[in-house]
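These are the residues of each chain, in order.
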Amino acid sequence: MIVKDKIEELRATLHRHNYNYYVLNAPEISDKEFDMLMHELQRLEEEYPEFYDENSPSMRVGSDLNKDFVQVPHKYPMLSLSNTYSEEEITDFYNRVYKALNEEFEICCELKYDGTSISLTYENGKLVRAVTRGDGEKGDDVTNNVKTIRTIPLVLSGDTYPSLFEIRGEILMPWTVFEELNKDREAREEPLFANPRNAASGTLKQQNSSIVASRKLDAYLYYLLGDNLPYNGHYENLLEAEKWGFKISKATRKCSSLEEVFQFVRYWDIERKNLPVATDGIVLKVNNLLQQKNLGFTAKSPRWAIAYKFQAERALTRLEKVTYQVGRTGAVTPVANLEPVQLSGTTVKRASLHNADIIEGLDLHIGDMVYVEKGGEIIPKITGVDVDARGFMLGEKVRFITHCPECGSKLVRYEGEAAHYCPNETACPPQIKGKIEHFISRKAMNIDGLGPETVDMFYRLGLIKNTADLYQLTVDDIKGLDRMGVKSAENIVKGIIRSKEVPFERVVFALGIRFVGETVAKKIARSFANVDELVQADVEKLKNIDEIGEKIAQSIINFFSNTSNRELVERLKGVGLQLYRTEEDAEKYSDKLAGQSIVISGVFAHHSRDEYKEMIEKNGGKNVGSISSKTSFILAGENMGPAKLEKAAKLGVKIMTEDEFLAIIS
Ligand code: IVH
């Protein structure tokens, strides 16, 4: 068989097994056999890149390219649904529809999945684009990430699908995956995701699609849009879409009376607790598409659909006391300590009170009976006080503390922020430990073998008081400590030494300057040759850097105006950390396109779009999705669309060819 045919056959086979496994839950071959077929395909694709196919099953594995997302407009805006909370309101909806239509109608009842919505476009049976909701008008193009989700077909089956259509649905992280992920993050002392919804949307915005691939997201599809849909009924179209390879919820039902709708609602109100993914309600949709059209939309939502939201589970219990936690940034969080109470299958003893304003708003007193809700968050929250349950003796009013419970410093509250902070950044124990933990974390210095517990132990024993002390540790210092053999001790010391190779941008991130996340750290590292230049920079100079405004600039200035921080940086320099740009870094980046907004359009001969995007960014430019008067120029390949050409001409935006562009940046 010729190679091309072999590759195509493997692709078709893998698409089929993927569907059997992930959508039908009925695998026909073992995981091992699947992996072997996949490896065979990957091997052939690597050897014969001329047969590249962007929808090959191998694309599900993801790539390591680091990309920001391009914003694209939605062809049909992504609206929301109006919410209802009672059977009466459902009846109102039903009557409203009947009055407007003046004829019989059916209702399609669906679960309201609590994930992050996605709009998928298929052209000639192939997934061409996946866009997040964004602001409803435009969203982020996350196609490469979405391709890693196994329940989303890259290539459709059968031949009844329209040549062009959109399908919308919800991307979800199953509870089990969510819990595992958080356990993992806890062990690495990374911030936890509050709920599977945040985890799913956070994952989808990952710039590294192989991380997305590892997170095992799932997707249910529930809304088809296009001109030539096969049926006139929404439900019938969903069943057809299931044949094309989409995962459609088995719960979906078509009802022809209000009573049937209520049965569905009452059943799922209870049964939803047994589902593998989070749901927060039920969606009712008029089934007939013509009737939908007649009913139309308000500015925000369709008149033909409504969401019924499940009541969040709630329990009543007594507030025993309020304690305060100090985090890495010095932010102080009040925590309600409760008389233990059962809530959705777990015992709740503590709940977040968020900040001083919330406490004040609740007019909280010790001994109050309080309502605790879970509402999809892992940390339950206090949502109200049962004032009637207060007896003659009202407990002491809860007042937010004025001094840090860890170090005694007077707390401060920055303008515009709800949180109180302990300002004693360099000597408050949880802040010091937090800073060290941040410093060693994966995205910062990535020191293997060191975790929060070990840091805590070293700190308690007085072995380290700051990040620079890590570089003084010897195997002799730490071997023989609690659960620390010679081997582990050696690994830790090796990990510490190895971290001296971490590039400038990550060292800047590792310093833990407030508001300086990974992206800002990168921009800083590209703008300064070394840390001394950074220390000397004034607000104006900092604000000239992309992504840095007054707040971040001020925070950087504050950080370096603190003598202990400057001494620390000197010590880190002394032990050999890369607090400077290397030749290699400098070669990788230039500012040839600094301050320029560039649109990429058309098909290119020399490089892929992604490669051009990377080149733009490495040269200090910004890739933007749509043409505006602020666009500096359009990098245009073949077949740039007529609408774009017209817009460019109208706004007088320059069009640059591939060759011209390459000449500029070479
Ligand atoms: S239909 C024009 N169906 O709920 C209406 N939405 O508040 C299009 N959602 O943004 C949405 N399950 O993210 C629809 N079965 C379902 C849904 C559902 C969850 C989400 C979706 C949407 C939001 C609307």
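In the block above lies the structure referred to throughout.
Keep in mind the model is a prediction, meaning the values are calculated, not measured.

What counts and how
Residues numbered from 1 in each chain as written. Predicted model: local features only at pLDDT ≥ 70, side-chain atom pairs only at ≥ 80, totals over all residues. Heavy atoms only, no water. Helix = DSSP H or I, 4+ residues; strand = E, 2+ residues; numbered from the N terminus. Buried < 20%, exposed > 50% of the residue type's maximum accessible area, 1.4 Å probe, protein only. Pairing = 2+ DSSP bridges. Axes fitted to C-alpha atoms, helices over the stretch in contact; angles between N-to-C directions. Contact = heavy atoms within 4.5 Å. Near = heavy atom within 4 Å. Polar contact = N/O pair within 3.5 Å; in protein donor to acceptor, adjacent residues only side chain to side chain. Areas by Shrake-Rupley, 256 points an atom, 1.4 Å probe, with all protein chains shown as cover. Core = buried A, V, L, I, M, F, W, Y, C linked by side-chain atoms within 4.5 Å. Phe/Tyr/Trp six-rings, centres within 6.5 Å; stacked < 30°, edge-to-face > 60°. Lys, Arg positive; Asp, Glu negative; His and termini not counted. Salt bridge = Lys/Arg side-chain N within 4 Å of Asp/Glu carboxyl O. Parallel < 35°, antiparallel > 145°, perpendicular 65-115°, else oblique. Left-handed = near helix turned anticlockwise from the far one by under 90°. Nonpolar A, V, L, I, M, F, W, Y, C, P; charged D, E, K, R; others polar. Expected span 1.5 Å × (residues − 1).

Asks: Mind laying out unusual backbone geometry, listing which residues take part and the relevant values?
Replies: A positive phi is found at Arg-483, a non-glycine position, where the angle reads about 55°. Mapping Arg-483 onto the fold places it in the loop between helix H15 (475-478) and helix H16 (486-498). A relative accessible area of 73% places Arg-483 in the exposed class.

Asks: Outline the pairing of strand S20 (residues 633-636), listing residues and values.
Replies: Because side chains alternate across S20, one face comprises the buried residues Phe-633 and Leu-635, and the other comprises Ile-634 and Ala-636, equally buried. Where strand S18 (residues 597-601) lies against S20, 4 bridges are found, and the strand directions are parallel. Looking across to S20, one finds that Ile-600 is bridged to Leu-635. Pairing analysis gives 4 bridges linking S20 to strand S21 (residues 654-657), with the strands arranged parallel. Counterpart to Phe-633 in the pairing with S21 is Lys-654.

Asks: A description of the sheet that holds strand S4 (residues 116-123) should follow, citing residues and the corresponding values.
Replies: Reading across the sheet, the 4 strands line up as S5-S4-S7-S8 and stay open at both edges, with antiparallel pairing between neighbours. Of all strands in the sheet, those bounded by a partner on one side alone are strand S5 (126-132) and strand S8 (218-225). With direction set aside, neighbouring strand axes in the sheet form an average angle of 30°. Two elements, S4 and S5, share 6 bridges in a ladder whose sense is antiparallel. Residue Leu-120 lies in a different strand from S5, and its bridge partner there is Ala-130. Packing of helix H6 (residues 196-204) onto the sheet brings it into contact with S4, S5 and strand S7 (164-172), and relative to S4 it is tilted by some 45°. With respect to the sheet, helix H8 (residues 234-244) is in contact with S7 and S8, its orientation differing from that of S8 by roughly 130°.

Asks: Help me get a handle on the site of the ligand, residues and values and all.
Replies: Around the ligand, 13 residues are found, and the nearest of them are Glu-110, Tyr-113, Glu-170, Tyr-222 and Lys-285. For the ligand, an oxygen atom lies 3.4 Å from a polar atom in the side chain of Ser-117. Side-chain polar atom of Glu-170 to an oxygen atom of the ligand: 2.7 Å apart, as the coordinates give it. Coverage of the ligand by the protein chains reaches 90% of its 520 Å² of free accessible surface. Mapped onto the shell around the ligand, the elements with two or more residues apiece are strand S3 (107-113), S8 and strand S10 (279-286). It is S3 that contributes the most residues to the shell around the ligand, 4 residues altogether.

Asks: Now, about the sheet that holds S20: what can you tell me, with residues and values included?
Replies: An order of S19-S18-S20-S21 is seen for the 4 strands of this open sheet, with the pairing classed as parallel. A single partner strand is all that each edge strand has here, and the edge strands are strand S19 (622-624) and S21. When the angles between neighbouring strand axes are averaged without regard to direction, this sheet yields 35°.

Asks: Talk me through the nonpolar core; I want residue IDs and the actual numbers.
Replies: Phe-458, Leu-470, Tyr-471 and Ile-556 are the most contacted members of the largest nonpolar core, which totals 56 residues. In this view, Phe-458 contacts Leu-450, Leu-463, Ile-464, Leu-473, Ile-478, Leu-481, Met-484 and Ile-492; residues no more than four positions away in its chain are not counted.

Asks: Before we move on, could you go through the packing of aromatic side chains and cite the residues and values that matter?
Replies: Summed over the entire model, instances satisfying the criterion amount to 22 aromatic pairs. Both rings, one in Tyr-161 and one in Trp-244, keep their centres 6.2 Å apart while their planes meet at 85°; by these two values the pair is edge-to-face. Of this pair, Tyr-161 sits in the loop between helix H4 (143-146) and S7 while Trp-244 is found in helix H8, placing the two residues 83 residues apart along the sequence. Looking at Trp-244, the relative accessible area reads 1%, which means it is buried.

Asks: Residues and numbers for the side chain of Glu-373, please.
Replies: Looking at the secondary structure, you find Glu-373 in strand S15 (residues 369-373). One buried charged side chain, Glu-373, makes no salt bridge at all; its nearest oppositely charged neighbour is Arg-314, positioned 4.8 Å away. Among the polar contacts made by the side chain of Glu-373, one reaches the side chain of Thr-383 at a distance of 3.5 Å. Residue contacts for Glu-373: discarding those within four places in its chain leaves Ala-312, Glu-313, Arg-314, Leu-343, Pro-380, Lys-381 and Thr-383.

Asks: So, the pattern of salt bridges: which residues are in play, and what are the values?
Replies: Under the counting rule described, the total for this entry stands at 33 salt bridges. Among the ionic pairs, Lys-112 bridges to Asp-280, the shortest N-O distance being 3.6 Å. Placement of the pair is Lys-112 in strand S3 and Asp-280 in strand S10, with a sequence separation of 168 residues. For the pair Lys-112 and Asp-280, one class covers both residues: buried. In this structure, Lys-433 and Asp-456 form a salt bridge, with 2.7 Å as the shortest nitrogen-oxygen distance. Of the two residues, Lys-433 sits in helix H12 (residues 429-440) while Asp-456 sits in helix H13 (residues 452-460), which places them 23 residues apart along the sequence.

Asks: Go over the packing of H12 against H13 with me, naming the residues and quoting the values.
Replies: Between H12 and H13, the shortest axis-to-axis distance is 10 Å and the interhelical angle comes to 135°. On the basis of the axis angle, H12 is oblique to H13. Every pair of crossing elements has a handedness; the one defined by H12 and H13 is right-handed. Residues Pro-429, Ile-432, Lys-433, Ile-436, Glu-437 and Ile-440 of H12 form the contact with H13, whose own contacting residues are Pro-452, Val-455, Asp-456 and Tyr-459. Looking at the contact of H12 with H13 residue by residue, the classes come out as 7 nonpolar, no polar and 3 charged.

Asks: Tell me about H12, and please be specific about residues and values.
Replies: Think of an α-helix as 3.6 residues a turn; residues three or four steps apart then line up on the same face. Taking 1.5 Å per residue as the helical rise, H12 with its 12 residues ought to reach 16 Å, and the 17 Å between its terminal C-alpha atoms agrees with that figure. Buried residues of H12: Pro-430, Gln-431, Ile-432, Gly-434, Lys-435, Ile-436, Glu-437, His-438, Phe-439 and Ile-440, and no others. The secondary structure elements touched by the buried residues of H12 are strand S12 (314-326), H13, helix H14 (467-470), helix H17 (504-510) and helix H22 (563-574).

Asks: Before we move on, can you summarise the environment of Arg-318 with the specific residues and values?
Replies: With respect to the helices and strands, the residue Arg-318 is situated in strand S12. Arg-318 sits in the partly exposed class, given a relative accessible area of 36%. Taking the C-alpha atoms as reference points, Arg-318 and Ser-163, 155 residues apart in sequence, are found 60 Å from one another. Non-local contacts of Arg-318, meaning those with residues more than four positions away in its chain, are made with Asn-337, Leu-338, Glu-339, Gly-367, Asp-368 and Met-369. Among the polar contacts listed, one links the side chain of Arg-318 to the backbone oxygen of Gly-367, at a separation of 2.8 Å.

Asks: Residue-level account of the pairing of S4, with values.
Replies: Counted residue by residue, S4 has 7 buried out of 8 residues, so it is predominantly covered. The pairing of S4 with S7 spans 8 bridges and is antiparallel. Pairing of Leu-120 across the sheet is with Ile-167, part of S7. Following S4, the chain reverses through 2 residues before pairing antiparallel with S5; Asn-124 in that reversal takes a positive phi of roughly 50°.

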